[in-house]
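The residues making up each chain are set out below.
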Amino acid sequence: MLRSLLATILLAASISHAQADLAPLPAQPPDVPWPTTEWPVGSLPPQMDSAAFSAAIADAFDKPAPGLGETRELVIIRGGRLIYERAAQGYSTNTRLVSWSMAKSITQALVGVAVAQGKINIDQPMGSPHWSPDDRRAQIPWRQWLQMTDGQRYLEIEAETIAESDASRKLFGPGRLDVASYCADLPLIHEPGTHWNYNSCGIVLTADALTRTIVPNPASPEQRRGAMLRWMNVSLFDVIGMKPQPEFDATGLLYGSALIYASARDFARFGLLYLRDGMWDGRRVLPEGWVDFARTHGTGTNADIYGAGWWLAPKEGSGRPYPIYVDTGPERDGFSAQGFEGQYTLVVPSKDLIVVRLGMTPEKDLRTGALKEWMGRVARTFPSVAHTPSAATE
């Protein structure tokens, strides 16, 4: 208990300087039940721009606009209630679809749960059995791995071919049977804490370190996988009523950076946990300050679009080093879990809003920016709301 309290105090102190710049996170309305079992249902608000909303929905489902690809599931939550959902033919909003990199946001949550349990201090070195104690990589704290300011050489977003992408190589190529070993071999090319680079391998290594913390001496890959899955269910998924299917490699390691299957309704539950500041039905699931850690950009001076496991709205402009800004309105307070081929869990505190979009948008269309513009169009049809901040403690 003392370790858990100390970790929470240190975490809150480390981000207190940034909280003044963050939009407050709204509390669950007292008359709205938590969706642990079923989502409470509401209506579209009369104050919204109904015509613009209908046009955006038509562009996604009825006659898909250029660049959007195929939208398979859409769920919208406002004020804690499910107010709109739609699925393409052959799907339902309870069909499990692949997260791709939205799994990184879930891994960030799982680390937060371990922090709350007193198992991890994110400002201590994370380490790996693949590195000697004097290896510079072994000294990098959990915080910098989660913020992707670890300094490791990793190529994915800027890879010109699948063959040179580390994402493809670790999941489907030479790293496929032992992804942590593949990722641990990548060298440092920047001083940790100084430079942001999108690094799926860093999250794989984080998932490996978390798994070793939870299951330190597994008897077999099967036992490792089973014990980790039980801990994830009891500590997070069962608490919020989420029923995902996480995938593991041949060593029994949770991939962490990708390959969690869940429905749009379940990703909305996950988004609600973050919109409610890590609280769920009177229980603090994530440490106080953990959501603010997720939505505060790290120390890399070259970037303003990433926090810890979540993508952010930059304070101005379209984003550095990549133009990823989703325009949800003048508050610029949206933050999102994002995945390959256009997976989104968008959280907008000022509107008490969550928009989950699952589908398949080819890379060439993603590069046009049409999908992120569409996500912003949907969010902007909803007005901002007056709210009381989420409870800080429980």
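Quick look at the structure, then. In this numbering scheme, every chain counts its residues from 1 along its sequence in written order. Per-residue local features of the predicted model are confined to residues with pLDDT of at least 70, and side-chain atom pairs are confined, for both listing and counting, to 80 or more; whole-chain, interface and lining totals are unaffected and use all residues. Side-chain figures throughout are based on the complete set of non-hydrogen atoms in the structure, without hydrogens or water.

Digging into the packing of aromatic side chains
Pairing of aromatic side chains requires ring centres within 6.5 Å, counting the rings of Phe and Tyr and the six-membered ring of Trp. Pairs whose planes differ by under 30 degrees are stacked, by over 60 edge-to-face, and all others tilted. Across all of its chains, the model carries 15 aromatic pairs by this definition. With centroids separated by 5.6 Å and ring planes inclined at 25°, the aromatic side chains of Tyr 198 and Trp 311 adopt a geometry described as stacked. Of this pair, Tyr 198 sits in the loop between α6 (179-184) and α7 (200-214) while Trp 311 sits in strand β8 (residues 311-312), and the two are 113 residues apart along the sequence. Each member of the pair Tyr 198 and Trp 311 is classed as buried. Each member of the aromatic cluster is reached from another via a ring pair, and the members are Trp 196, Tyr 198, Tyr 306, Trp 311 and Tyr 322. For a Lys NZ or an Arg CZ to count as sitting over a ring, it must be within 6 Å of the ring centre and within 35 degrees of the ring normal. Positioned above the aromatic ring of Tyr 325, the side-chain terminus of Arg 332 is 4.0 Å from the ring centre. Helix numbering and strand numbering both begin at the N terminus, where a helix is a DSSP run of H or I of at least 4 residues and a strand a DSSP run of E of at least 2. Relative accessible area decides the class of each residue, using a 1.4 Å probe on protein chains only: under 20% of the type maximum gives buried, over 50% gives exposed, and in between gives partly exposed.

Quick look at the environment of Leu 188
Mapped onto the secondary structure, Leu 188 falls in the loop between α6 and α7. Considering only alpha carbons, one finds Leu 188 and Lys 315, 127 residues apart in sequence, at a separation of 29 Å.

Comments concerning the sheet that holds strand β2 (residues 81-87)
Here a strand pair is declared whenever DSSP counts at least two bridges between the two strands. The strand order across the open sheet formed by six strands is β2-β1-β11-β10-β9-β8, and the pairing between neighbours is antiparallel. Pairing within the sheet leaves two strands with one partner each, and these edge strands are β2 and β8. Should any heavy atoms of two residues lie within 4.5 Å, those residues are considered in contact. Fitted lines through C-alpha atoms give the axes, limited to the stretch in contact for helices. The angle between two N-to-C directions lies from 0 to 180 degrees. Contacts between helix α3 (residues 102-116) and the sheet are confined to β9 (335-339), β10 (343-348) and β11 (353-360), with β9 contributing the most and set at about 125° to the helix. Helix α12 (residues 370-380) contacts β1 (70-78), β10 and β11 of the sheet and is inclined by roughly 150° relative to β11.

Some words on the side chain of Ser 165
By secondary structure assignment, the location of Ser 165 is in the loop between α4 (142-147) and α5 (166-172). Beyond its immediate stretch of four places on either side in the chain, Ser 165 contacts Leu 155, Glu 156 and Ala 159.

Considering the sheet that holds strand β3 (residues 97-98)
Pairing within the open sheet is antiparallel, and its three strands lie in the order β3-β5-β4. With one partner strand each, in any of the chains shown, β3 and β4 (245-246) form the two edges of the open sheet.

Remarks on the environment of Phe 172
You can see Phe 172 is positioned in helix α5. Sequence separation between Phe 172 and Gly 369 is 197 residues; the distance between their C-alpha atoms is 27 Å.

Focus on helix α8 (residues 221-240)
Look at α8: 27 Å from first C-alpha to last across 20 residues, which is about the 28 Å you get at 1.5 Å a residue. To obtain the bend at a residue, axes are fitted to the seven residues ending there and to the seven starting there, and the angle between these axes is taken. The sharpest bend along α8 reaches about 50° and sits at Asn 233. Regarding α8, the residues found buried are Arg 224, Ala 227, Met 228, Trp 231, Met 232, Ser 235, Leu 236, Phe 237, Val 239 and Ile 240. Contacts made by the buried residues of α8 are with α3, α7, β4, α9 (264-275), β6 (279-280) and β7 (283-284). Expected span, for any helix, means 1.5 Å times one less than how many residues it has.

Quick notes on the pattern of salt bridges
By definition, a salt bridge exists where a carboxyl oxygen of Asp or Glu is found within 4 Å of a side-chain nitrogen of Lys or Arg. A full pass over the atoms with the stated rule returns 18 salt bridges. Close ionic contact of Glu 85 with Arg 265 constitutes a salt bridge, the shortest N to O distance being 2.7 Å. Note that Glu 85 is positioned in strand β2 and Arg 265 in helix α9, a separation of 180 residues in sequence. Among the residues examined, Glu 85 registers a relative accessible area of 30% and is labelled partly exposed. A residue is classified by how much of its surface remains accessible, and Arg 265, at 16% relative accessible area, is buried. Between Arg 320 and Asp 304 there is a salt bridge; the shortest N-O distance is 3.8 Å. On the criterion of sequence distance, the pair formed by Arg 320 in the loop between β8 and β9 and Asp 304 in the loop between α10 (290-294) and β8 is long-range, its members being 16 residues apart. Taking relative accessible area as the criterion, Arg 320 reaches 39% and is therefore assigned partly exposed.

Here we look at the nonpolar core
Here, nonpolar core means buried Ala, Val, Leu, Ile, Met, Phe, Trp, Tyr and Cys residues that are tied together by side-chain atoms lying within 4.5 Å of each other. With 84 residues, the main nonpolar core has Val 111, Leu 210, Trp 231, Tyr 274 and Trp 290 as its most contacted residues. Residue contributions to this core peak at nine residues, all from α3. Grouped together as the second largest cluster of nonpolar side chains are 24 residues, Tyr 344, Leu 353, Leu 371 and Trp 374 included.

Quick look at unusual backbone geometry
Apart from glycine, the bulk of residues carry a negative phi angle, and the bulk of peptide bonds sit in the trans form. Here the amide bond leading from Arg 320 into Pro 321 is cis, since omega sits at -5°, within 30 degrees of zero. Take Pro 321: it is sitting in the loop between β8 and β9. A positive phi angle is found at Trp 100, which is not glycine, with a value near 45°. For Trp 100, a relative accessible area of 19% translates into the label buried. In this structure, Asp 277 takes a positive phi of about 60° despite not being glycine.

Overview of the pairing of β9
On a regular strand, one side chain projects to one face of the sheet and the next to the other, so that they alternate. Buried residues dominate β9, accounting for five of its five residues. Residues Phe 335, Ala 337 and Gly 339 line one face of β9 and the alternating positions Ser 336 and Gln 338 line the opposite face, and both faces are buried. Across two bridges, β8 lies against β9 in antiparallel orientation. If you follow Trp 311 over to β9, its bridge partner there is Ser 336. Of the strand pairs in this sheet, β9 and β10 are connected by five bridges, and their pairing is antiparallel. If you follow Ala 337 over to β10, its bridge partner there is Thr 345. Hairpin connection from β9 to β10: three residues lie between these consecutive antiparallel strands, with Glu 341 at a positive phi of about 65°.

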